[in-house]
Amino acid sequence: MQLLARRKQLPINQTPRATRRGNSQASGEEQPAQEENKAKIGDSITLTANEEGLEIKVTVMTVQVPARSSRPLPRRARAAALLEFQLKLENVGSTVYADAPTNGAALIDASGQGYDATFATLKTEFNSNLRIQPGASQIGFIPFEIPKKAKLATFQFTLESGFGPLTGEWTL
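Predicted model only: the values in this text are computed from it and were never measured.

Chemist: An account of the packing of aromatic side chains is needed here, citing residue identities and associated values.
Modeler: In this structure the tally under the stated criterion is 4 aromatic pairs. Aromatic pair Phe85 and Phe155: ring centres 4.4 Å apart, planes at 15 degrees, arrangement stacked. Of the two residues, Phe85 sits in strand 6 (residues 80-91) while Phe155 sits in strand 12 (residues 152-158), which places them 70 residues apart along the sequence. The exposure class of Phe155 is buried, given its relative accessible area of 0%. Clustering of aromatic rings is evident, with ring pairs tying together Phe85, Phe144, Phe155 and Trp170.

Dropping the structure here:
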């Protein structure tokens, strides 16, 4: 994906899936979920949590480059690109969703290098103590700071601050 100098919604082609996390085999490798979810930007993946009754339908709505930070970036960030993924989180379960969504997000480039979300103080970033009642939803952004030359490959999202049993995966 080419990073552009001005803010633009990027066209993205991808094939995400959910993988089951855990040690169901002695090797400890991640196992595909019973029904592999395949999606693209705009599609949804429903993730379950370790907590009974907690199910969140996650939709990756857009990727914005560059992201809008409410503060100037530090000098080291001038060699980096700040981008943001817009997500819709809809509680389709029977339990209140209380989490910090930024903790469960990861970005992987074509070389396999992983990036955690950054705290760029975006005005529309998810709250760190987000609560969504059953039947309700919330839209917010998760920011990432990556090298400008990085070629994006995969966006991943896991409930429970990254410790949930399923990971939604969107190939970029």
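Chemist: An account of unusual backbone geometry is needed here, citing residue identities and associated values.
Modeler: We note that Glu160 has phi near 55 degrees; this positive angle belongs to a residue other than glycine. Residue position: Glu160 is located in the loop between strand 12 and strand 13 (166-171). Classification of Glu160 as partly exposed rests on a relative accessible area of 21%. A positive phi is found at Ser161, a non-glycine position, where the angle reads about 55 degrees.

Chemist: Pulling in residues and values, what's your account of the pattern of salt bridges?
Modeler: Evaluation of the coordinates by the stated rule reveals 2 salt bridges. Across the salt bridge formed by Lys40 and Asp43, the nearest N and O atoms sit 3.5 Å from each other. Here Lys40 falls in the partly exposed class, since its relative accessible area comes to 44%. Asp43 gets classed as partly exposed once you look at its relative accessible area, which sits at 28%. Residue Glu90 pairs with Lys57 through a salt bridge whose shortest N-O separation is 3.8 Å. In this pair, Glu90 is assigned in strand 6 and Lys57 in strand 5 (residues 55-65), connecting sequence segments 33 residues apart. Residue Lys57 is classed as partly exposed on the basis of its relative accessible area, which comes to 29%.

Chemist: Got a sec to walk through the side chain of Gln64? Specific residues and values, please.
Modeler: Mapped onto the elements of the fold, Gln64 is located in strand 5. A distance of 3.4 Å separates the side chain of Gln64 from the side chain of Thr62, its partner in a polar contact.

Chemist: Residues and numbers for the confidence of the model for the protein chain, please.
Modeler: For the protein chain, mean pLDDT is 76; residues scoring 70 or higher make up 67% of the total. Note on residues 1-17: pLDDT is under 50 here. Beyond four places in sequence and across chains, it has 61 contacts. Residue range residues 20-37 is modelled with pLDDT below 50. Its contacts to residues more than four positions away, or to other chains, number 29 contacts.

Chemist: Outline the side chain of Thr59, supporting the account with residue identities and numerical values.
Modeler: Among the secondary structure elements, Thr59 is positioned in strand 5. On the accessibility criterion, Thr59 (10% relative accessible area) is buried. Filtering out sequence-adjacent residues up to four positions away, Thr59 remains in contact with Gly42, Asp43, Ser44, Gln86, Leu87 and Lys88.

How each quantity is defined
- Residues numbered from 1 in each chain as written.
- Predicted model: local features only at pLDDT ≥ 70, side-chain atom pairs only at ≥ 80, totals over all residues.
- Heavy atoms only, no water.
- Phe/Tyr/Trp six-rings, centres within 6.5 Å; stacked < 30°, edge-to-face > 60°.
- Helix = DSSP H or I, 4+ residues; strand = E, 2+ residues; numbered from the N terminus.
- Buried < 20%, exposed > 50% of the residue type's maximum accessible area, 1.4 Å probe, protein only.
- Salt bridge = Lys/Arg side-chain N within 4 Å of Asp/Glu carboxyl O.
- Polar contact = N/O pair within 3.5 Å; in protein donor to acceptor, adjacent residues only side chain to side chain.
- pLDDT = per-residue confidence, 0-100.
- Contact = heavy atoms within 4.5 Å.

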